Amino acid sequence: MMCLKICPDSTSEDLKPIAEAVHSLLGIPTTIRSKSFHGIRMEKGQIIDDDYSGPVLEEVLEKNMIIRKVPMEGVYKGKAVVVVPIRSADGEVLGALGLVDLVAALDILSVFREYPDIIGEVEDAKKRMS
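Description of the structure in this document. (Residues numbered from 1 in each chain as written. Predicted model: local features only at pLDDT ≥ 70, side-chain atom pairs only at ≥ 80, totals over all residues. Heavy atoms only, no water.)

**Re the sheet that holds strand E5 (residues 81–87)**
Keep this limit in mind: Strand pairing follows a simple DSSP-based rule, namely that at least 2 bridges must link the two strands. For the purposes of this entry, the term helix denotes a DSSP run of H or I that reaches at least four residues, the term strand denotes a run of E that reaches at least two, and both are numbered from the N terminus. Helix axes are fitted to C-alpha atoms over the stretch in contact, other axes to C-alpha atoms as well, and angles between N-to-C directions run from 0 to 180 degrees. Contact definition: two residues touch when any of their heavy atoms are within 4.5 Å.
Pairing within the open sheet is antiparallel, and its 6 strands lie in the order E3-E2-E1-E6-E5-E4. With one partner strand each, in any of the chains shown, strand E3 (46–52) and strand E4 (67–69) form the two edges of the open sheet. Going across the sheet, the axis of each strand differs from the next one's by a mean of 15°, ignoring polarity. Pairing of strand E1 (residues 30–34) with strand E2 (residues 39–43), which is carried by 3 bridges, proceeds in the antiparallel orientation. Note on E2: the bridge partner recorded for Ile32 is Ile40. Against the sheet, helix H1 (residues 12–26) makes contact with E1, E2, E3 and strand E6 (93–100), and its axis sits at roughly 25° relative to E2, the strand it touches most. Along the sheet face, helix H2 (residues 55–63) touches E1, E3, E4, E5 and E6 and points at about 145° away from the line of E6.

**Here's the deal with the pattern of salt bridges**
Charged atoms that come close allow side chains of opposite charge to pair. Worth spelling out the cut-off: Every case where a carboxyl oxygen of Asp or Glu lies within 4 Å of a side-chain nitrogen of Lys or Arg is listed as a salt bridge. Relative accessible area decides the class of each residue, using a 1.4 Å probe on protein chains only: under 20% of the type maximum gives buried, over 50% gives exposed, and in between gives partly exposed.
Scanning all chains against the criterion turns up 5 salt bridges. A salt bridge links Arg41 to Glu43, with the nearest nitrogen and oxygen atoms 2.9 Å apart. On the basis of relative accessible area, Arg41 is assigned to the buried category, the value being 12%. Between Arg68 and Asp101 there is a salt bridge, with its nearest N and O atoms 2.9 Å apart. Taken as a pair, Arg68 in strand E4 and Asp101 in the loop between E6 and helix H3 (102–105) lie far apart in primary sequence, 33 residues in all. One connected set of salt bridges, linked through shared partners, spans Glu59, Lys63 and Lys69.

Written as structure tokens, this is what we have:
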């Protein structure tokens, strides 16, 4: 029987099932690493790097908090990312999981300008659900 456990010393191989699940679910670039070891970077259904770390992953490990930002260096330089800590039950940071932040990348104002009826459609849908 296989059991997934994450600890500060989890290796890329240990984190692989989690990276693959998250990446398969969302289909966007996914990164994960433990506190002590580099991890995995996945894009387009493939593991691109199994010895990966990035500046925002490392910042999250240090600060033990969610960080949304556009890194100034690394593979995702200039792209919005969101990275979350993976914590133990007592709040200790065990690792970090990161994604390209599609929500931050959307220009909501331009979407509403190009599709002005969208607000009405959303309001109609809310009324039908009530």
